[in-house]
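Coordinate analysis (summary)
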Amino acid sequence: MFEDFFKVVKHRFNGAEEEVSGPSFKCPRCQSTVPFERYEELLKVCPACNYHGRLSAKERISLTFDKGSFEEFDSNMISCDPIGFPEYPEKQAELRETTGLKDAIITGTALVKGQRAVVGIMDSRYMMASMGSVVGEKITRAFEYATENKLPVIMFTASGGARMQEGIVSLMQMAKTSGAVKLHSDNGGLYITVLTDPTTGGVTASFASLGDIIIAEPKILIGFAGRRVIESTMKQRLPEDFQLAEFMQEKGFVDMIVERKKMRTTLAKLLAMHTPEEKEV
Amino acid sequence: MENNKTAWERLALVHTKGRPTIRDYIPLIFTDFYEMHGDRYYGDDHAVICGIARLDGKPVTIIAQVKGRDLNENKDCNFAMPLPEGYRKALRLAKQAEKFHRPVICFIDTPGAYAGMAAEERGQGEAIAKNIAEFMTLRTPIISIVLGEGGSGGALALGVCDELAMLENAQYSVVSPRGFASILWKDASREEEACNIMQVTADDMVRLGVAETVIEEPLGGAHNDLDKISENIKEYLSLKIEEKCQKDIDELLKARYTKFRKIGEFTE
Ligand SMILES: [Zn+2]
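Parameters and conventions
Residues numbered from 1 in each chain as written. Chains lettered and ligands numbered in written order. Predicted model: local features only at pLDDT ≥ 70, side-chain atom pairs only at ≥ 80, totals over all residues. Heavy atoms only, no water. Helix = DSSP H or I, 4+ residues; strand = E, 2+ residues; numbered from the N terminus. Rg over C-alpha atoms; globule rule 2.2 N^0.38 Å. Contact = heavy atoms within 4.5 Å. Buried < 20%, exposed > 50% of the residue type's maximum accessible area, 1.4 Å probe, protein only. Areas by Shrake-Rupley, 256 points an atom, 1.4 Å probe, with all protein chains shown as cover. Phe/Tyr/Trp six-rings, centres within 6.5 Å; stacked < 30°, edge-to-face > 60°. Lys NZ or Arg CZ within 6 Å of the ring centre and 35° of its normal. pLDDT = per-residue confidence, 0-100. Donors = N, O, S within 2.8 Å, 3.2 Å for Na, K, Ca; no water. Tetrahedral: all angles 85-135°; square planar, octahedral: opposite > 155°, others 65-115°. Pairing = 2+ DSSP bridges. Buried area = accessible area lost by both parts, 1.4 Å probe. Salt bridge = Lys/Arg side-chain N within 4 Å of Asp/Glu carboxyl O. Polar contact = N/O pair within 3.5 Å; in protein donor to acceptor, adjacent residues only side chain to side chain. Core = buried A, V, L, I, M, F, W, Y, C linked by side-chain atoms within 4.5 Å. Expected span 1.5 Å × (residues − 1). Axes fitted to C-alpha atoms, helices over the stretch in contact; angles between N-to-C directions. Parallel < 35°, antiparallel > 145°, perpendicular 65-115°, else oblique. Left-handed = near helix turned anticlockwise from the far one by under 90°. Nonpolar A, V, L, I, M, F, W, Y, C, P; charged D, E, K, R; others polar.

Describing the overall build of chain A
Helices and strands together make up the secondary structure of chain A, namely 10 helices and 10 strands. The C-alpha atoms of chain A give 18 Å as radius of gyration, which agrees with the globular expectation for 281 residues (19 Å, within 12%). In terms of its C-alpha atoms, chain A occupies a principal-axis envelope of roughly 50 × 45 × 40 Å. Sequence separation of 24 or more characterises 69% of the internal contacts of chain A that already satisfy a separation of 6 or more.

Quick look at the overall build of chain B
From N to C terminus, chain B includes 12 helices and nine strands. Over its C-alpha trace chain B gives a radius of gyration of 17 Å, about what one expects of a compact globule, namely 18 Å for 268 residues. C-alpha atoms of chain B, sized along the principal axes, occupy 50 × 50 × 45 Å. Split into buried and exposed, the 268 residues of chain B put 60% on the buried side. Long-range pairs, those at least 24 residues apart, make up 72% of the contacts in chain B with a sequence separation of at least 6. Taken as a whole, chain B presents about 10500 Å² of accessible surface, with 51% of it coming from carbon and sulfur.

Description of the packing of aromatic side chains
Enumeration over the complete set of coordinates arrives at nine aromatic pairs over all chains. Seen in terms of ring centroids, B:Phe30 and B:Phe107 are 6.3 Å apart; in terms of plane orientation they differ by 85°. Their pairing is edge-to-face. With B:Phe30 in the loop between α2 (22-29) and β1 (31-36) and B:Phe107 in strand β4 (residues 104-110), the pair connects residues that are 77 residues apart, well separated along the chain. We note that B:Phe30, like B:Phe107, is buried. Three or more aromatic residues link up through ring pairs in this structure, and these residues are A:Phe85, B:Phe180 and B:Trp185. Taking the ring centre of B:Trp185 as reference, the NZ or CZ of B:Arg190 above it sits at 4.1 Å. Its end group placed over the ring of B:Phe260, B:Lys259 keeps NZ or CZ at 5.3 Å from the ring centre.

Points about the confidence of the model for chain B
For chain B, per-residue confidence averages 96 on the pLDDT scale, and 100% of positions sit at 70 or higher. Across the predicted assembly, pTM comes out at 0.94 and ipTM at 0.97.

Quick word on the coordination of the zinc ion
Residues and elements named next belong to chain A. Bound to the zinc ion on the protein side are Cys27 (SG), Cys30 (SG), Cys46 (SG) and Cys49 (SG), at distances that span 2.2 to 2.4 Å. Coordination at the zinc ion comes from four donor atoms whose angles at the metal span 105 to 114°, giving a geometry best classed as tetrahedral. Here the donor residues of the zinc ion share one chain and are spaced in sequence as C-x2-C-x15-C-x2-C. Here Cys30, found in the loop between β1 (24-26) and β2 (33-35), pairs with Cys49, found in the loop between α2 (36-41) and α3 (57-64); they are 19 residues apart in sequence, far enough to count as distant. Accessibility expressed as a relative area gives 29% for Cys30, which makes it partly exposed. When its relative accessible area of 15% is taken as the criterion, Cys49 is described as buried.

Considerations on the pairing of strand β7 (residues 153-159) of chain A
All names here are of chain A. Counting buried positions along β7 yields seven of seven residues, so the element is predominantly enclosed. On β7, burial covers both faces: Val153, Met155, Thr157 and Ser159 on one face and Ile154, Phe156 and Ala158 on the other are all buried. Relative to β7, strand β6 (residues 115-122) runs parallel, the two sharing four bridges. Residue pairing across strands places Val118 opposite Val153, the latter belonging to β7.

Some remarks on the interface of chain B and chain A
Counting residues at the interface gives 48 residues for chain B, matched by 56 residues for chain A. Interface area, chain B with chain A, both sides summed: about 4300 Å², of which 72% is carbon and sulfur. Put simply, chain B and chain A have four salt bridges between them. Between A:Glu144 and B:Arg261 there is a salt bridge, with the nearest N and O atoms lying 2.7 Å from each other. Linking chain B to chain A there are 16 residue pairs in polar contact (both at pLDDT 80 or more).

Remarks on the sheet that holds strand β10 (residues 256-257) of chain A
Read across the open sheet, the seven strands follow the order β3-β5-β6-β7-β8-β9-β10 (chain A); overall the sheet is mixed. Sheet topology places β3 (71-72) and β10 of chain A at the edges, where each strand pairs with a single neighbour.

Overview of the environment of B:Thr61
Residues and elements named next belong to chain B. Mapping Thr61 onto the fold places it in strand β3 (residues 58-65). Along the sequence, Thr61 and Asn169 sit 108 residues apart, while their C-alpha atoms lie 25 Å from each other. Once residues within four sequence positions are removed from consideration, Thr61 is found in contact with Gly51, Ile52, Leu93, Ala97, Arg102, Pro103, Val104 and Ile105. Of note is the side chain of Thr61, whose polar atom sits 2.9 Å from the side chain of Arg102.

Examining the nonpolar core
Counting residues in hydrophobic clusters, the biggest one holds 157 residues, and the most contacted among them are B:Phe30, B:Phe107, B:Tyr172, B:Ile233 and B:Leu237. Apart from the residues within four sequence positions on either side, B:Leu237 is in contact with B:Ile29, B:Phe30, B:Leu55, B:Ile105, B:Phe107, B:Ile143 and B:Ile145. Core analysis: the second largest hydrophobic core is formed by eight residues, A:Cys27, A:Cys46, A:Cys49 and A:Tyr51 among them.

Considerations on helix α12 (residues 249-261) of chain B
The periodicity of an α-helix, 3.6 residues per turn, causes residues three or four positions apart to be oriented the same way. For α12(B), spanning 13 residues, the distance from its first C-alpha to its last is 18 Å, which sits close to the expected 18 Å at 1.5 Å a residue. In this structure, the buried residues of α12(B) make contact with α5 (133-148) and α6 (167-186) of chain A together with α6 (124-136), β5 (142-151), β6 (163-167) and α11 (226-245) of chain B.

Some points on the packing of α2(B) against α11(B)
Residues and elements named next belong to chain B. Running from N to C, α2 and α11 cross one another at 65°; their axes reach a closest spacing of 9 Å. When the axis of α2 is compared with that of α11, the two are roughly perpendicular. Crossing of α2 against α11: the hand is right-handed. Judged by residue contacts, Asp24, Tyr25, Leu28 and Ile29 of α2 engage Leu226, Asp227, Ile229, Ser230, Ile233, Lys234 and Leu237 from α11. Broken down by class, the residue content of the contact of α2 with α11 amounts to seven nonpolar, one polar and three charged.

Remarks on α6(A)
Residues and elements named next belong to chain A. Along its 20 residues, α6 runs 30 Å from first to last C-alpha, staying within 8% of the 28 Å computed at 1.5 Å per residue. Where burial is concerned, most of α6 is hidden: 17 out of the 20 residues are buried. Of the residues trailing α6, Gly188 is marked for its positive phi of about 90°.

Some thoughts on the pattern of salt bridges
All names here are of chain A. Following the criterion strictly, the structure yields 44 salt bridges over all chains and no others. A salt bridge links Glu59 to Lys44; its shortest N-O distance comes to 3.1 Å. In this pair, Glu59 is assigned in helix α3 and Lys44 in the loop between α2 and α3, connecting sequence segments 15 residues apart. Of the residues examined, Glu59 reaches a relative accessible area of 1% and is grouped as buried.

Below, the structure written as structure tokens:
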């Protein structure tokens, strides 16, 4: 499985935006630098402070699910331009080209140590994984599928919030996705949220905060309002660890903080404890 | 209706000093209003007022964001930017309404949820998410009206409903025009341009499937004739509450889910 992961990493690195600028990765939390190769070996975790860096959806899939088990839903869905925002279609076409993604989320089913789950993985390279029509529709369909087929859902969230370029239509995706989560929950379905860097804005204020179990990766950013917005409008100085996973756990909004290398096993164990046969994995 | 105003001109009307707030409307639309305070967990947020009252003699629950009419009131209600405890109070009252089979009427009037350290520490995101999810399956009719500004998730937390109405000059948006300009163009001074392209007016909401009804304001805006605008709001509410109360609750919930389910524009 890890071999697979590295192949994907190497391939993806050629297309990544912010990280190709130098031969080393600079940690946004502790500012220390680490050679890229070493950073890859560490599954993109900062060796100095344990910040869990951003992964592409493909990397996440190969790291988390049983090899070859992922089956994608709605792989051709692309967004229209609901408010006719200048250059939005062009920007999307360009991003589809450079990232190989159709929008900011990939959904489907996958096995975690043999257990089937409906999964969604957001990818921050695509417009900061903002939620517009496509993200909203794919998540809603994923939950509806899970409800119908009595499957658990695992969502790896990462988002800058609502997709501004889709105006009010993007805001309504919060209602649409949360409604589908609620019906899945009322039907007895298990929903595990894995918050990854960064989970903010309208995604935090909808499906990301509605998990039965909320997991976060270490040192990642979780919040509703952005740090800069708070600092500038409220003229408040904020503590260093403000809105980091550990801070949010202390405030009562995260069940557990799980390191990337233990994520697959943790998810498998949690899924197993929610299946009727109570088999051990 | 006045059809020749730009979105920016309407926003100016909404910001006019003297624009009625929910405090002005309650005595003209309802009787026997009793305010209920607090979320039972942390405190009482003055940006959201909740209570029970009678509409046409029948009990209803009111959940409303409240703007101040002067600086002192605005300081007290935090310029209508709710804290998490405001949303949790709203949810408490909504659940109470469900228990006693009272319809819920939400009045939206906020530039957005409060953005500050206290709000983050107490889970602004969680509070909004919870309201959205719970309102979706609340087993009693919900009608929401945008009175002035409906800004971002802070508005949507009172906006999951069976039907949404907009006052003629009211706006509903994913973020304030100023925020939009600063996020997308890194230039907050382009807020007028942002406001005019964001599609935030009452007519835009009806066209995009977000709202069902536009409530006519008196010529020049709601502040020009409080009695008339109150009468228009009351007429709308009486009609809709009666209509929704007669519906089978499971049918109502299915329609509520579908209303939001179908919003989104994509191709495959
Ligand atoms: Zn670091």
